[in-house]
Amino acid sequence: MQNLVLIPIGTVIQNVAGFLSLSLPEILNAPCKVLEKEVVFDPFYSSERKQYHSTEILRQLLPFAKDKEQHILGIIDEDLYIPILTFVFGEAQLGGRCALMSGHRLHQEFYGLPQDESLYLLRCEKEAVHELGHTLGLKHCSNFECVMRYSNSVADIDIKRNVFCPSCSEVLGIPSLW
Ligand SMILES: [Zn+2]
Ligand SMILES: [Zn+2]
């Protein structure tokens, strides 16, 4: 990955994109910028599920991945789904260039708990690194602390570290921050 582009979609509260643009360059060993673009997501709302179709929004990001070494991460605060799952934290093209993440279920308030901004941002960071790891060709990792470990809940996310394990770093050919 030569460079990383973050695209906030809709109302992304607490300036997640700004935070990630500062923290991701070290973890992913790539420069990062935030791009203000209009991304259509309204048509992909399911009124039955009260969620947005993740894959359809991900598809809207493809035209923004212009040069070969650019990886795009869309950041949305709406709840996302794919038809076979109740929800997804995010979705990525494996070995592709685009990824999407949602902060919706990363807020403590979603679980009826008091707001915790630093925990929220740390979860967003892990989810961002995880989805971008997929775009770099990484599959799920069996190391339970590795950021590439599959997460089904925020509890799973909280157990993980925000960086790649030594073997995932080696696959990527980037310095390990483990
Ligand atoms: Zn994954
Ligand atoms: Zn790993």
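Note that the coordinates shown come from a computational prediction; the quantities given were computed from them, not determined experimentally.

(A) Up close: the pairing of strand S8 (residues 98–102). Here S8 lies mainly inside the structure; five of its five residues are buried. Along S8, one buried face is formed by Cys98, Leu100 and Ser102 and the opposite face, lined by Ala99 and Met101, is buried too. Pairing of strand S7 (residues 90–92) with S8 involves three bridges; the strand directions are antiparallel. Within S8, the residue paired with glycine 90 across the bridge is methionine 101. Where S7 hands over to S8, the hairpin turn is made up of five residues, of which glycine 95 adopts a positive phi near 70 degrees.

(B) The arrangement of the environment of leucine 80 in detail. Along the polypeptide, leucine 80 turns up in strand S6 (residues 80–81). In this structure the C-alpha to C-alpha distance between leucine 80 and glutamate 131, which are 51 residues apart in sequence, comes to 14 Å. Ignoring anything within four residues of it in the chain, the contact list for leucine 80 reads Gln51, Tyr52, Ser54, Phe87, Val88 and Ser102.

(C) Here's a closer look at the pairing of strand S5 (residues 70–76). Judged by how many residues are buried, S5 sits mostly within the fold: six of seven residues are covered. In terms of strand pairing, strand S1 (residues 3–9) meets S5 through seven bridges, oriented parallel. Considered in S5, the bridge of isoleucine 9 is made with isoleucine 76. Two elements, S5 and S8, share five bridges in a ladder whose sense is parallel. Counted as the bridge partner of isoleucine 75 is methionine 101 from S8.

Reading the values: rules and limits
- Residues numbered from 1 in each chain as written.
- Chains lettered and ligands numbered in written order.
- Predicted model: local features only at pLDDT ≥ 70, side-chain atom pairs only at ≥ 80, totals over all residues.
- Buried ≥ 20, exposed ≤ 12 C-beta atoms within 10 Å, placed from the backbone.
- Helix = DSSP H or I, 4+ residues; strand = E, 2+ residues; numbered from the N terminus.
- Pairing = 2+ DSSP bridges.
- Contact = placed C-beta atoms within 7 Å.

That's the geometry; what it means functionally is another story.
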